[in-house]
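Chain residues, written in single-letter form:
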Amino acid sequence: MTKTAAQISSKKILVTGGAGFLGSHLCERLLGQGHEVLCVDNLFTGTKRNILHLLENPNFEFMRHDVTFPLYVEVDEIYNLACPASPVHYQFDPVQTTKTSVVGAINMLGLAKRTKAKILQASTSEVYGDPEIHPQVESYRGAVNPIGIRACYDEGKRCAETLFFDYQRQHNVNVKVMRIFNTYGPRMHPNDGRVVSNFIIQALRGEDISIYGDGSQTRSFCYVSDLIDGMIALMESRDGFYGPVNIGNPNEFTILELAQNVIRLTESHSQLRFYPLPQDDPKQRQPDISLAKSELGFSPSVQLEEGLKKTIEYFREMLHNS
Ligand code: NAD
Ligand code: UDP
Ligand code: UDP
């Protein structure tokens, strides 16, 4: 039987961490493009609920597996997203967090080397630590406390970047390294303590909004669909472009402004309540996305108000059904 054009260009793609927040959106998008997707996840923070709607698709396969153990499969591309991403979850078992980033990267790079697959690493703005320059450009080397409570994540991700570039130089593996800035949207874990999900859930329940510190610290929030655009554009970028490249939305807000926006959009009567700032909490964060613009044509299009409305709807429904 002759193959259709779609079948010829269809690839077999591995997504580690595919049952998580970003991973489930990525699997959905890749399936929509006609690819075969193998979703590998140990369900530490991810859930089958995130991928239930994909299980019926004959091009989708789920495998429960921990990336700190070797994995022998045949694939054309690998998106390596497996790693708990919120401070509450990555600090729950910090040794396992470092293992997931470092041993997981070695295994996935070994797999890429054997199968000659292209491999993308979901790195993070946390490699910049509590940054001394603003906004952050890719050439900035960061200010990370190597022995603090965020180090298991930050240093794990930094070491994974080292491994990606060494596998490229030493074994000629085709790597793509993406530094993701704070991303939000439907399917965020309701209990992972991240600021957007916390504030929305608190506002919808009429509970106090928990502000850590005085709320003057800043973050720049990217809606999930924009982030996935950037991720796929990076995977498809020209040969020889390895990154690292920042992907995020440069519109920066204080945490207090975020709280006020959430209260307004949910029409909530919640009050602000102040708590101590956690150790090593970065004071400001904003991506410089010039490189993503010039190399990938990346330009985020969903602004905070629109993205928050969609996320609020998701959590409203979740709370209604629980
Ligand atoms: P998430 O916690 O929803 O997803 C991570 C997924 O990895 C989960 O499904 C989890 O079960 C899985 N996982 C964890 N350890 C594993 C292991 N050892 N083996 C197999 N699977 C494992 O978080 P997310 O926000 O979707 O983040 C996805 C990736 O993007 C992570 O690597 C994270 O570091 C990175 N990232 C996310 C953000 C963000 O704002 N969401 C920012 C920067 C970087
Ligand atoms: N690996 C894997 N799947 C593969 C190939 C390798 O999980 O298809 C793992 C394997 O456990 C190995 C690691 O990746 O330890 C690194 O592989 P590499 O070939 O770089 O190193 P080596 O096999 O020499 O340790
Ligand atoms: N934060 C907050 N209240 C919360 C959760 C978080 O004030 O309920 C603050 C947190 O201290 C940080 C910012 O919001 O300054 C973003 O936190 P998050 O955990 O979402 O992401 P990260 O610190 O990893 O950027």
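Each remark here, short or long, concerns the structure printed above.
Attention in this report is confined to the structure presented alongside it. None of the values given here were measured: they were computed from a predicted structure.

The rules behind these values
- Residues numbered from 1 in each chain as written.
- Chains lettered and ligands numbered in written order.
- Predicted model: local features only at pLDDT ≥ 70, side-chain atom pairs only at ≥ 80, totals over all residues.
- Heavy atoms only, no water.
- Near = heavy atom within 4 Å.
- Polar contact = N/O pair within 3.5 Å; in protein donor to acceptor, adjacent residues only side chain to side chain.
- Areas by Shrake-Rupley, 256 points an atom, 1.4 Å probe, with all protein chains shown as cover.
- Helix = DSSP H or I, 4+ residues; strand = E, 2+ residues; numbered from the N terminus.
- Nonpolar A, V, L, I, M, F, W, Y, C, P; charged D, E, K, R; others polar.
- Core = buried A, V, L, I, M, F, W, Y, C linked by side-chain atoms within 4.5 Å.
- Buried < 20%, exposed > 50% of the residue type's maximum accessible area, 1.4 Å probe, protein only.
- Contact = heavy atoms within 4.5 Å.
- Pairing = 2+ DSSP bridges.
- Phe/Tyr/Trp six-rings, centres within 6.5 Å; stacked < 30°, edge-to-face > 60°.
- Patch = residues over 30% accessible without salt bridge, like charges linked within 9 Å, V, L, I, M, F, W, Y side chains within 5 Å.
- Salt bridge = Lys/Arg side-chain N within 4 Å of Asp/Glu carboxyl O.

As for the site of ligand 1
Neighbouring ligand 1 are 30 residues, the closest being L22, D41, T45, Y153 and K157. In this structure, Y153 approaches ligand 1 through a side-chain N or O atom, which is 2.6 Å from an oxygen atom. Contact with the protein chains covers 97% of the free accessible surface of ligand 1, which is 820 Å². Among the secondary structure elements, those contributing two or more residues to the shell around ligand 1 are α2 (21-32), α4 (94-115), β5 (118-124) and α5 (151-171). When residues of the shell around ligand 1 are assigned to their parent elements, the largest contribution, 3 residues, is made by β5. Looking at the shell around ligand 1, its residues break down into 14 nonpolar, 12 polar and 4 charged.

As for the site of ligand 3
If you check the shell around ligand 3, you find 18 residues, and the closest are N198, S210, R219, D281 and R285. In the environment of ligand 3, an oxygen atom lies 2.9 Å from a nitrogen or oxygen atom belonging to the side chain of N182. One of the backbone N or O atoms of V195 is found 2.8 Å from an oxygen atom in ligand 3. Looking at the shell around ligand 3, the elements that each hand over two or more residues are α6 (195-205) and β8 (209-212). Residues belonging to the shell around ligand 3 are distributed by class as follows: 7 nonpolar, 5 polar and 6 charged.

Comments concerning the nonpolar core
By size, the foremost hydrophobic cluster in this structure holds 60 residues, and its most contacted members are L26, Y79, M231 and L308. The element best represented in this core is helix α7 (residues 224-235), accounting for 7 residues. Core analysis: the next-biggest nonpolar cluster, separate from the first, contains 25 residues, V40, L71, A82 and A105 among them.

Quick notes on unusual backbone geometry
H134 connects to P135 through a cis peptide bond whose omega is -10°. Summarising the element assignment, P135 is placed in the loop between β5 and α5. The omega torsion across G243 and P244 is 0°, close enough to zero to call that bond cis. Among the secondary structure elements, P244 is positioned in the loop between α7 and β11 (245-247). A positive phi angle is found at E267, which is not glycine, with a value near 50°. Looking at where E267 falls in the secondary structure, it is placed in the loop between α8 (255-266) and β13 (272-275). According to the relative accessible area criterion, E267 is exposed, its value standing at 70%. At D280, a residue that is not glycine, the phi angle is positive and equals roughly 60°. Tracing the backbone through its elements, the reader meets D280 in the loop between β13 and α9 (290-296).

Looking at α6
Burial analysis of α6 places 8 of its 11 residues in the buried class, which makes it a mostly covered element. Against the buried residues of α6 lie β7 (183-184), β8, α8 and α10 (304-321). Once α6 finishes, G206 follows within two positions and takes phi at roughly 70°, a positive value.

Details of the pairing of strand β6 (residues 175-180)
Most of β6 sits inside the fold, with 6 of its 6 residues counted as buried. Where burial is concerned, the two faces of β6 agree: the one with V175, V177 and R179 and the one with K176, M178 and I180 are both buried. Here β5 runs beside β6; their pairing, made up of 6 bridges, is parallel. Note on β6: the bridge partner recorded for A122 is M178.

Quick look at the packing of aromatic side chains
Counted by the stated rule, this structure contains 8 aromatic pairs. Ring pairing ties together the aromatic residues Y128, Y140 and F181, which thus form one cluster.

Looking at a nonpolar patch on the surface
A surface patch of nonpolar side chains, amounting to about 260 Å² of accessible area, comprises Y212, Y275 and L277. Structurally, Y212 can be placed in strand β8. By relative accessible area, Y212 is classed as partly exposed at 33%.

Overview of the environment of L38
Position of L38 relative to the elements: it lies in strand β2 (residues 36-41). For L38, a relative accessible area of 3% gives the class buried. With residues up to four places along the chain from it excluded, the contact list for L38 reads I13, L14, V15, E61, M63 and V73.

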